[in-house]
Amino acid sequence: MPRQLDGFADRRVGVVYSWYAIIDADSRILFLDSRSEADGDVVAALCERNFVGNGSTPLMTRAAVLEAGCYDERLRGCEDYKLLFRIAERHRFALVRDFLVGYRDRPDSLSGNFDLMLEAHANCE
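Remember, predicted model here, so these are calculated numbers, not experimental data.

Points about the pattern of salt bridges
- Counted by the stated rule, this structure contains seven salt bridges.
- With a shortest N-O distance of 2.6 Å, Asp 98 and Arg 3 are connected by a salt bridge. Here Asp 98, found in strand 4 (residues 92-104), pairs with Arg 3, found in helix 1 (residues 2-6); they are 95 residues apart in sequence, far enough to count as distant.
- By relative accessible area, Arg 3 is classed as partly exposed at 43%.

Written as C-alpha cells, this is what we have:
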C-alpha cells in the first residue's frame, strides 16, 4: 500500500490503482493483467472498459468517494465501475506499474457468472 499512497502526492488524484495477478484457489498465478496504462484523466479509457479490473485494486480517497456519491448499493456487479466513473469525472487516476494485488478466480464468483454480470451491466445507470 505505501507505493499506492505515493500516487496521492498529486492532490488532484482521487484513485491510485495497480496491475494485478489472477490467482487460483491455491494462490498460483494464472495470468498477469498489465493491459492498462491509463493515468491522469481516464474518463475516455473508462468508457472503453473497466481497466481497473476489480474492487481490490483501487485505493480511493474518502473525499473522492463522498463527492462521487459512494457505492450505489442498488447495483450488483457494476457498482465499483460506476463509482470509478463518477470519481474520474472529478479527479485524476494514478497507476502503480507493478503487480500489487492477487485477484482470486473462483468458479462460484459473481464475475465468473456471465449471465449475472450481463444483467448487472444492463441495469447499471
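Focus: the side chain of Thr 57
- When you line up the elements, Thr 57 lands in the loop between helix 2 (43-48) and strand 3 (59-60).
- Residue Thr 57 is classed as buried on the basis of its relative accessible area, which comes to 0%.
- A distance of 3.0 Å separates the side chain of Thr 57 from the side chain of Asn 54, its partner in a polar contact.
- In this view, Thr 57 contacts Gln 4, Val 16, Tyr 17, Ser 18, Tyr 20, Val 52 and Val 101; residues no more than four positions away in its chain are not counted.

As for the environment of Arg 92
- On the secondary structure map, Arg 92 appears in strand 4.
- Overall, Arg 92 belongs to the partly exposed group, its relative accessible area being 30%.
- Each C-alpha atom of the pair Arg 92 and Val 43 lies 9.1 Å from the other, and the pair is 49 residues apart in sequence.

Rules behind the numbers
Residues numbered from 1 in each chain as written. Predicted model: local features only at pLDDT ≥ 70, side-chain atom pairs only at ≥ 80, totals over all residues. Heavy atoms only, no water. Salt bridge = Lys/Arg side-chain N within 4 Å of Asp/Glu carboxyl O. Helix = DSSP H or I, 4+ residues; strand = E, 2+ residues; numbered from the N terminus. Buried < 20%, exposed > 50% of the residue type's maximum accessible area, 1.4 Å probe, protein only. Polar contact = N/O pair within 3.5 Å; in protein donor to acceptor, adjacent residues only side chain to side chain. Contact = heavy atoms within 4.5 Å.

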